[in-house]
Amino acid sequence: MPDSYRFGSAEVRPAERALLIGGAPVALGGRAFDLLVALLERPGKLVTKDELLDAVWGRVIVEEGNLHVHISTLRKLLGAGLIVTIPGRGYRLERAAGVAAPPAAEAANRAGASAGAGDFSPTGLFGRDNDLASLDSLLRDHRLVTIAGPGGIGKTRLARAAMGAARARYPDGVAMVELAALSDPALIPGAIAAALQLPLGAAGDPLATVIAAVRPLRMLLLLDNAEQVVDGVARLAQGLLQGNGAVRLLVTSQAPLKLDEERLYRLGGLEVPEPAENLRADEALTYGAVALFDERVRAADRHFRLTDANVGAVVSICRQLDGIALALELAAARCPLLGLQMVSQHLDERFRLLRSGSRTAPSRQQTLQAAMDWSHALLSPEQQCAFRQLGVFAGGFTLDLARQVLHQPGIDEWGSVDLLAELVERSLVAVAEGDAPRYRLLETGRAYALEKLVQAGDLGALRQRHAHALRELFETAYDACWVLPEAEFVARYEPELDNLRAALDWAAQHEPQTAIALAGASARLWRWLSLHPEALRRCDAARALLDAATPPALAARLWEAIAQLSGEISSAESRPAAKNALSLYEQLGDARGRYLALGHIAFSYRATAPEAEAAHAAMQALEDPLWPPAVRLLGTKVAGGLASDAGRIEQARAAHEARLALATAAGSEREVNAALGNLADLALIAGDADSAVRLGRELLARLGRRHMTTRAIALGNLLLALLAQGALVDARRTLGEFVAVARQLGFMFLMYTADAMALLAARERRWAAAGRLLGYADAGYTGHGQPREPNEASARDTTWALLAGNCAGQDVEAWLAAGAVLQPAAVCLLALEPPTTG
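Once that is clear, we can look at the overall build of the chain. Across its full length, the chain holds 41 helices and 15 strands. Relative to the compact-globule value of 28 Å for 838 residues, the chain shows a C-alpha radius of gyration of 38 Å, a clear excess of over 25%. Counting only C-alpha atoms, the chain reaches 125 × 70 × 50 Å along its principal axes. If you sum the accessible surface of the chain, you get close to 35,700 Å²; carbon and sulfur atoms cover 52% of it. Charge separation in the chain, taken as the distance between the mean sites of 85 positive and 95 negative side-chain charges, equals 5 Å.

Okay, structure coming up:
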């Protein structure tokens, strides 16, 4: 203990038990003197009531009122501002008095402050390191920080961890006030007074009393679950932040306080990995959602272990639940009884499934239904209506789509926009930042909204408005696809793919013309996304809805879409569809439509047939140089194919280079890549296998893992070129890559590569496999009504010659017949069989 403490005009000499003011001794009772020394030993730090009672009275039991009397005495002698009351906790001697605390006292004070601050450890906090660091930075710089997010996202747990991390910075400690049980803002002062053990007199304004007592404290106060009394909390916060107060506030709420001083921290779900076949368990555990789920399942089932075998099911659960902590904990609690797979498969019934919450959790967090009910009950009737109407959107929505779908009597379009903004503030709608913001309901919120929509009897009407909004959007998209660069078009319309699917599903059952319009208008988006199989299924479903009442323009566009999508797969499908489109476009006097239909007809022959030449000549007569390059691309594609088939190499090269130029002008990376593939294919037709291999590899390097359909075609062409070089090892490696891509595409280009597969098998002396693969290819070309292109025809002839020269005729015929009935998956396995030895 130092010999003396000096502050202002006062001096305290502990050894002499003397207090001097202005150099003159002042009478002070022994208890008051001991109390003053106890505070002087820890200047600027909280000293609790219990610590002061122990230091001054020891084992003697006295009332707290004695403490208040002596503190009052000291204030009269030394000034009212020297000793600050920490409500419900104790007292603090202001550092401003200039007293330096001894090192031992500092350590003791830190220990005391920690012991009295409550449990704010980050136990059970998964995947929130970045959030915690960001929040800590905000708390250092601002006096009011609000953590906003939907119910169950983990706001309270993060806030408590932030309190623990920041505790040492606050001399008067940290404290938490739970507001969830309050429904009347007038009760807020009482809740704070109870938490801080602050006496409230019967008279006067409780809010003013609390503000006056708490404002000067150098503490961090957490106001938890403020959403249902948000206006009252805002008034309290405004009062506390006025003037030169020291207290800092951390608020958790589903809605912001909307104060100028407020800094908002939007809390999203825990990070979830993208689904991947080769994801390892240890990699998945680095994601917060998986780590939390794993810990909770293991707590309920000591035998559970996350493994490479079950990690896929865990990731599926985490993704379906948007990384929401509460939902993950409820799902984990169900796993010991139901198992991972059943929980994952039944999450569409999540409100019935996820009911086994912790007994110690608040009632609003006992079930997922209760959590959503809590949030929903805080909304106004207009907000509730808007929320359930937004449930019809799948995968998010734009502001324009929301304006078309949201509808309430007496609320105009801009009123609906205001309601959307209020739902964003309430954390029920998430928003992705960008020049054109995109909104979405989390999947749990969407499931709840749809249930409410069904209960209100409005689901059918909302599905209809949704489908009509998507139809309008994709009518615009159809016009845009001819003039927008491909990347810009895809970026604009791909986000609506899930909405498009939902609209098509509904319209197919309820509004045939809407389904027909959507299928035809969206065809090029499906194609540019390499989703041919699904696109054809959608168009085939729409084709079944065509009847005499279908407007010719809609029917023509659908037939043209089918011709385009099936053109690279089946002439037997493409040619009749193109002819139907041509007939309708002729009736409509639509020159551009006729041009497109004629192009599909010509391309379907894959050879210099008179009908193909006639269709191409008709195209040339119709072509308007003012049409967008994206339209005129089809003419160069047809010209190059016909010239290649006829062996007019230079004419074909010129056509492909013209296609490349138009594709570049149109901003179509897909068509640029296709033209480069044509040039590589042409090099092989000309007998230059080395150039074909070089150009093929350059194209594949350019493609990377994008444009799956173009990649499949390029790999098939490279396989042919490598076989022409005699590079069997590289050819087998390329075959493996092709099969992997073909499986992802539903084997759509398998027929065109089967000749190359057969030739590789023959080169490796796998004669039976070569015969069966050739039989599969023959059956495919016959069934689709189209001839082989030059390189495929050459591979077929070479394979046939090798079989004929090395095998008995009856064996070859048997192999061909067996191959004709093979399924695509079996063809791939056969092609990948290892070569024979010896």
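Now that the structure is up, let's keep going.
Burial within strand β8 (residues 144-148) is extensive, with 5 of its 5 residues counted as buried. Burial of the side chains of β8 extends over both faces: Leu 144, Thr 146 and Ala 148 are buried on one face and Val 145 and Ile 147 on the other. By the bridge criterion, 5 bridges tie β8 to strand β11 (residues 248-253) in an arrangement that is parallel. Across the sheet, residue Ala 148 finds its bridge partner in β11, namely Ser 253.

Quick look at the packing of aromatic side chains now. Counted by the stated rule, this structure contains 10 aromatic pairs. Here Phe 393 and Phe 397 contribute two aromatic rings whose centre-to-centre distance is 4.6 Å and whose plane-to-plane angle is 25°, an arrangement assigned as stacked. Phe 397 matches Phe 393 in its accessibility class, with the two residues each being buried. Considering the side-chain rings of Tyr 478 and Trp 482, the 6.0 Å spacing of their centres and the 90° angle between planes classify their relative orientation as edge-to-face.

Scanning all chains against the criterion turns up 0 disulfides. Take Cys 539: it sits in no disulfide, and the sulfur closest to it among the cysteines is that of Cys 481, at 13 Å. By relative accessible area, which is 1% here, Cys 539 ends up buried.

Pairing in this open sheet of 3 strands is antiparallel, and the strands run β5-β7-β6 from one edge to the other. Taken across any chain shown, the strands that pair with only one partner, and hence form the sheet edges, are β5 (46-48) and β6 (83-86). The average undirected angle you get between the axes of adjacent strands in this sheet is 30°. Two strands pair when backbone bridges link them, and β6 and strand β7 (residues 90-93) are joined in this way by 4 bridges, in the antiparallel orientation. Across the sheet, residue Val 84 finds its bridge partner in β7, namely Arg 92. Its contacts with the sheet place helix α1 (residues 30-40) against β5, β6 and β7, and it is angled at close to 70° to β7. Packing against the sheet, helix α2 (residues 49-57) makes contact with β5 and β7, and its axis sits at approximately 70° to β5.

This structure, assessed with the given rule, holds 41 salt bridges. The salt bridge partner of Asp 131 is Arg 128, with a shortest N-O separation of 3.0 Å. The buried category is assigned to Arg 128, whose relative accessible area is 4%. One salt bridge in this structure joins Arg 659 and Glu 671, with 2.8 Å as the shortest N-O distance.

Moving on to unusual backbone geometry. Residues other than glycine seldom take positive phi values, yet Asn 225 does so here, at roughly 60°. Residue placement: Asn 225 occurs in the loop between β10 (220-224) and α9 (230-241). With a phi angle near 60°, Ser 530 is a residue other than glycine that sits in the positive phi range. By the element assignment, Ser 530 lies in the loop between α25 (523-528) and α26 (532-543).

Formed by 148 residues in total, the largest nonpolar core has its most connected members in Phe 387, Leu 390, Phe 397, Val 429, Phe 474, Phe 489 and Met 757. In terms of residues, this core owes the most to one element, helix α37 (residues 750-763), which gives 11 residues. Apart from residues no more than four positions distant in its own chain, Phe 387 is found in contact with Met 372, His 376, Leu 379, Leu 423, Leu 428, Leu 441, Gly 445, Tyr 448 and Ala 449. Membership of the second largest hydrophobic core comes to 54 residues, among which are Leu 222, Tyr 265, Phe 304 and Leu 326.

Strand order in the open sheet formed by 3 strands is β13-β15-β14, and the pairing between neighbours is antiparallel. Bordering the open sheet on either side are β13 (397-398) and β14 (430-432), each of which pairs with just one other strand. For β13 and strand β15 (residues 438-440), the ladder comprises 2 bridges, and the chain directions are antiparallel. Each bridged residue has a counterpart across the sheet, and for Thr 398 the counterpart in β15 is Arg 438.

Turning our attention to the environment of Ala 577. Relative to the helices and strands, Ala 577 resides in helix α28 (residues 571-588). Judged by its relative accessible area of 1%, Ala 577 is buried. Linking Ala 577 and Ile 562, residues 15 residues apart in sequence, is a C-alpha distance of 6.3 Å. Beyond its immediate sequence surroundings of up to four residues, Ala 577 is in contact with Trp 559, Ile 562 and Ala 563.

The next thing to look at is the environment of Arg 17. Mapping Arg 17 onto the fold places it in the loop between β2 (10-13) and β3 (18-21). When near neighbours in sequence (up to four residues on either side) are disregarded, Arg 17 contacts Gly 30, Phe 33 and Asp 34. For Arg 17, the side chain forms a polar contact with the main-chain oxygen of Gly 30, separated by 3.3 Å.

Turning our attention to α9. For α9, with 12 residues, the first-to-last C-alpha span of 16 Å sits near the 16 Å given by 1.5 Å per residue. Burial analysis of α9 places 9 of its 12 residues in the buried class, the great majority of the element. Those residues of α9 lying buried are Val 230, Gly 232, Val 233, Ala 234, Leu 236, Ala 237, Gly 239, Leu 240 and Leu 241. In this structure, the buried side of α9 is in contact with β8, α7 (188-196), α8 (206-214), β10 and β11. One or two steps after α9, the chain reaches Gly 243, where phi turns positive at roughly 70°.

Moving on, we get to the confidence of the model for the chain. Residues at a pLDDT of 70 or more form 92% of the chain, whose mean pLDDT is 87. Element-level mean pLDDT values for the chain span from 31 in helix α4 (residues 103-115) up to 97 in helix α24 (residues 512-521). Contacts of residues 100-118 to residues separated by more than four positions or lying in other chains number 23 contacts, the stretch itself having pLDDT below 50.

This brings us to the packing of helix α11 (residues 288-300) against helix α12 (residues 311-320). Two elements in contact, α11 and α12, have axes whose closest approach is 10 Å; the angle formed by their N-to-C orientations is 110°. By the criterion of interaxial angle, the relationship of α11 to α12 is roughly perpendicular. The interaxial crossing formed by α11 with α12 has right-handed handedness. Counting all contacts with α11, which are made through Ala 289, Val 290 and Phe 293, the residues of α12 involved are Val 314, Val 315, Ile 317 and Cys 318. Its residues assigned to classes, the contact of α11 with α12 comprises 7 nonpolar, no polar and no charged.

Calculation notes
Residues numbered from 1 in each chain as written. Predicted model: local features only at pLDDT ≥ 70, side-chain atom pairs only at ≥ 80, totals over all residues. Heavy atoms only, no water. Helix = DSSP H or I, 4+ residues; strand = E, 2+ residues; numbered from the N terminus. Rg over C-alpha atoms; globule rule 2.2 N^0.38 Å. Areas by Shrake-Rupley, 256 points an atom, 1.4 Å probe, with all protein chains shown as cover. Lys, Arg positive; Asp, Glu negative; His and termini not counted. Charge placed at Lys NZ, Arg CZ, Asp CG, Glu CD. Buried < 20%, exposed > 50% of the residue type's maximum accessible area, 1.4 Å probe, protein only. Pairing = 2+ DSSP bridges. Phe/Tyr/Trp six-rings, centres within 6.5 Å; stacked < 30°, edge-to-face > 60°. Disulfide = S-S within 2.5 Å. Axes fitted to C-alpha atoms, helices over the stretch in contact; angles between N-to-C directions. Contact = heavy atoms within 4.5 Å. Salt bridge = Lys/Arg side-chain N within 4 Å of Asp/Glu carboxyl O. Core = buried A, V, L, I, M, F, W, Y, C linked by side-chain atoms within 4.5 Å. Polar contact = N/O pair within 3.5 Å; in protein donor to acceptor, adjacent residues only side chain to side chain. Expected span 1.5 Å × (residues − 1). pLDDT = per-residue confidence, 0-100. Parallel < 35°, antiparallel > 145°, perpendicular 65-115°, else oblique. Left-handed = near helix turned anticlockwise from the far one by under 90°. Nonpolar A, V, L, I, M, F, W, Y, C, P; charged D, E, K, R; others polar.

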